[in-house]
Amino acid sequence: MRQASAHQGLHNRESSTLQYAMQGRLTALRWTEIEEIDDDLGRSTAGGVLRAGFERIVAEVCLGKVGVIRAREVSRFARNSRDWQQLIEMCRVDDTVLIDQETIYVPRHGNDRLLLGLKCSPNKYELDLLRQRLLSTRYEKTRRGELVVGAPVGFEKVGDRYEKDPDHRVQVSTAEVFDKVDTFKSIPGALTVRSPRLFSFRGGSMRQLLFLIIDVVVVAFATVLALFLRENFEFSMAQLRDIGPYLLCTLAAATVTFPAFQTSRPVWRFSMMTDYLRITFAIAATVIGALAIGFNFNRLDGVPRSLPLLQGLLTLFFLVGLRILARTWRNAAGELIRLGAKETPRAVPQERIRCETVLVVGLNELAALYLRAVAAIARERVLIAGVLTNDDGRHVGRAVLRHQILGTCEEVVDALRALEVHGVFVDRIVVTSAFDKLSRDAQDALLEIEKGTSVCVEFLVDQMGLGPRFASEAGEGAVAALRNSFTALSLSSEHLAALARRPYWRAKRPLDCFAALGLLIVVAPLMAFAAALVAIDLGLPLTFWQQRPGLFGRPFKLYKLRTMAPAHDASGRRLREDERSSCIGRFLRRTRLDELPQLLSILWGDMSFVGPRPLLPVDQPPEFAARLLVRPGLTGWAQVKGGRDISAVDKGALDVWYVHNASLALDIETLIRTALILIFGETIDAAAIREAWEYLHRAEADARKEPVVSEGDAAAFFSVVAE
């Protein structure tokens, strides 16, 4: 007998009753030597949980003392592959029979072993089995007259009658719902369309703005202090007036660069080295921007030459010092854990590409510890979709160890839906707070997700043995990751070695960084103008993002300025694509101004100026996985040779051709052709497409002659491109 959690053992008594009733049934069938094993009631079937009852069964079978093992369903024996295979193998060796409600299984028979393997897989049979359990429970309770149906929301059951909830607020809310249904003549229209807190500008965003103001004030203070130190602690109002224009230029540059580098998003007490590096880059960009603006304004008249250097150093000292002070003050009792483990290149890209998406519920030290562990141990295998806080929402919109706080625990369902809109499908929810510490709404939402979806809910406190067990029994979600192999890359060992020897791969990343930084300064007014158009046309937020596979298939966020309205109107009706788009949105897409935020992605290392355009994971063809060997581009060879009008396979062929032939001259040609397309429109180059296919056919033939790719060649190429 087994149940997966203490919660089920306490509240799902019907299952326990039916399992204990097996002994009476076996006695009626004239079995005499019957032994009950109920040590695993309330214990999870996770691989790391010790189950004394299961271990006892295996030991008794190995000693040859057991003839038959009986359970209501075969899934009661074991629910993970390791335990299940161990039990079947032991039963096969000792000729022990397994019995459930449906049939008798003899593990020595190959057909029975095949059937057992199918039944204990998380497939449709498992869903049918759960449905049968629920129907059987309701039938048994109905037969005994114990089935109780709960009252609808807004009502209470008093004896044999239903009455309205005595709470006046509940009565008013219920009446309002019925009034809206009568007004809109539909349930979707009656539901108030509310933007989820995931992307709202309340609560946490106001605090984020407050911390941005603090950072800008620190920049102003550091500038004045730098002048004070430069003049050997002699200060006059005339000197302050001389640097006044430069100080204003610095503040203007800081208000642009600091939000661009997201310096105020991380929670100070969880700051880490990568946050300090972002601050360093933001300060450097601020000083360079202030010098550029000041030189154009008054040729930096009255500004000492050493002032910008002192200003940058003091600003870095104060901004980083404040964060370290906040972190030390909040974590004085614990030791600081070293973060930012250096990523080592691997010989095969599969480890990088197969990722499991996890949503963390709870904002506490355990959540920070889990995020640090993922960053240090499972960076390639686990992708953190975000964090939900268990407080009043004051931190929403900020970040913990560079992971965004999406909302509160009560909004977990809204967070899952909002992430799905952006192409992020959560496989597992890790709850870092104890179950009894969550609010009732959060508990109900998590249990509903556990029962009604394929998302696996794990309670980290229980798995670590630090609290009562409420572990999830839900099946593992499908890992939405790309499948890749060297066969699909169509690259031989010689090709990989030749690509790794190209000096352009080492120069491409620095060139992208310098060009992106310069362009950001130049097009900042144009970006502000485009953002103003979006704000006038669609309102806030200004940007839209989707998750796309990047270098080696590692997911990243692709940002664009919003050009389309929400998919549903206020009454819940789904809008057509032409209804969502306006003339301003079409103008931004036609001129590619909506892709200006991707300059920041180039600066951060997620993208390049030239490369294959990033696709959604579902649109990434496995036969063209070689396009994932380089960073995705703002523009690409496939865009300038075919645009939107050619097929996906032709685009894939052009992208893989670019990976084989990338060079500085080819990138310059691609950028020039992109500028011409903005002026004259897209054209299709049939000769380039034919050349790409002929080249790939030759490369595939070479790969068949030498099918084995050495680990040294693969590691050399991946390390060069990653740098």
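Conventions and cut-offs
- Residues numbered from 1 in each chain as written.
- Predicted model: local features only at pLDDT ≥ 70, side-chain atom pairs only at ≥ 80, totals over all residues.
- Heavy atoms only, no water.
- Core = buried A, V, L, I, M, F, W, Y, C linked by side-chain atoms within 4.5 Å.
- Buried < 20%, exposed > 50% of the residue type's maximum accessible area, 1.4 Å probe, protein only.
- Helix = DSSP H or I, 4+ residues; strand = E, 2+ residues; numbered from the N terminus.
- Contact = heavy atoms within 4.5 Å.
- Patch = residues over 30% accessible without salt bridge, like charges linked within 9 Å, V, L, I, M, F, W, Y side chains within 5 Å.
- Areas by Shrake-Rupley, 256 points an atom, 1.4 Å probe, with all protein chains shown as cover.
- Salt bridge = Lys/Arg side-chain N within 4 Å of Asp/Glu carboxyl O.
- Pairing = 2+ DSSP bridges.
- Expected span 1.5 Å × (residues − 1).
- Bend = angle between axes of the 7 residues up to and from the residue.
- Axes fitted to C-alpha atoms, helices over the stretch in contact; angles between N-to-C directions.
- Parallel < 35°, antiparallel > 145°, perpendicular 65-115°, else oblique.
- Left-handed = near helix turned anticlockwise from the far one by under 90°.
- Nonpolar A, V, L, I, M, F, W, Y, C, P; charged D, E, K, R; others polar.

K.L.:
Account for the nonpolar core, naming residues and giving values.
P.N.:
Ranked by internal contacts, the top residues of the largest apolar core, which has 67 residues, are Phe 258, Leu 307, Leu 599, Trp 637 and Leu 654. Element by element, the count of residues in this core is highest for helix α22 (residues 504–537), at eight residues. In this structure, Leu 599 is in contact with Ala 516, Leu 519, Leu 520, Val 523, Phe 609 and Leu 634, ignoring residues within four places of it in sequence. Val 361, Val 412, Val 424 and Val 457 belong to the second largest nonpolar core, which has 26 residues in total.

K.L.:
Break down a nonpolar patch on the surface for me, citing the residues and quoting the values.
P.N.:
A contiguous nonpolar surface patch, about 790 Å² in accessible area, is contributed by Leu 511, Leu 664, Ile 668, Ile 672, Leu 676, Leu 678, Ile 679 and Phe 680. Looking at the nonpolar patch, the element that brings in the most residues is helix α28 (residues 664–680), giving seven residues. Examined against the element boundaries, Phe 680 turns out to sit in helix α28. Residue Phe 680 is classed as exposed on the basis of its relative accessible area of 68%.

K.L.:
Give me the lowdown on the sheet that holds strand β4 (residues 97–99), citing residues and values where you can.
P.N.:
Judged by pairing direction, the sheet is mixed, and its three strands sit side by side in the order β3-β4-β5 without closing on themselves. Only two strands of the sheet have a single partner each, and these edge strands are β3 (68–70) and β5 (104–105). By the bridge criterion, three bridges tie β3 to β4 in an arrangement that is parallel. By the bridge assignment, Ile 69 is partnered in β4 with Leu 98.

K.L.:
I'd like a rundown of α22, residues and numbers included.
P.N.:
A rise of 1.5 Å per residue sets the reference length of α22, with its 34 residues, at 50 Å; its end C-alpha atoms lie only 42 Å apart and thus fall more than 12% short of the reference. In the structure, α22 departs most strongly from a straight axis at Val 523, where the bend amounts to approximately 60 degrees and where the proline Pro 525 lies between one and four residues downstream. In the stretch just after α22, Gly 539 is the one whose phi turns positive, near 85 degrees.

K.L.:
Which residues make up the sheet that holds strand β8 (residues 356–361), and what are the values?
P.N.:
With mixed pairing, the six strands of this open sheet are ordered in space as β10-β11-β9-β8-β12-β13. Looking at strand neighbours, the two that pair on one side only are β10 (399–400) and β13 (456–459), the edges of this open sheet. Of the pairings in the sheet, the one linking strand β9 (residues 382–389) to strand β11 (residues 403–408) comprises three bridges and is parallel in character. Note on β11: the bridge partner recorded for Val 387 is Ile 405. In this fold helix α18 (residues 440–452) packs onto β12 (428–431) and β13, with an angle of close to 135 degrees to the strand it touches most, β13.

K.L.:
Kindly report on the packing of α22 against helix α24 (residues 583–590), identifying the contributing residues and their values.
P.N.:
Remark: α22 packs on α24, axes separated minimally by 10 Å, with the N-to-C direction vectors making an angle of 155 degrees. Taken together, the axes of α22 and α24 are roughly antiparallel relative to one another. For the crossing formed where α22 meets α24, the hand is left-handed. Residues Ala 530, Leu 533, Val 534 and Asp 537 of α22 lie in contact with α24, whose contacting residues are Ile 584, Gly 585 and Leu 588. Looking at the contact of α22 with α24 residue by residue, the classes come out as five nonpolar, one polar and one charged.

K.L.:
Account for the pattern of salt bridges, naming residues and giving values.
P.N.:
Side chains bearing opposite charge may pair, as long as their charged atoms lie close to each other. Overall, the coordinates contain 14 salt bridges when judged by the stated rule. Between Arg 673 and Glu 669 there is a salt bridge; the shortest N-O distance is 3.0 Å. You can see Arg 673 and its partner Glu 669 sitting in helix α28, four residues apart, about one turn around the helix. One salt-bridge network, held together by shared partners, links Glu 356, Arg 428 and Glu 458.

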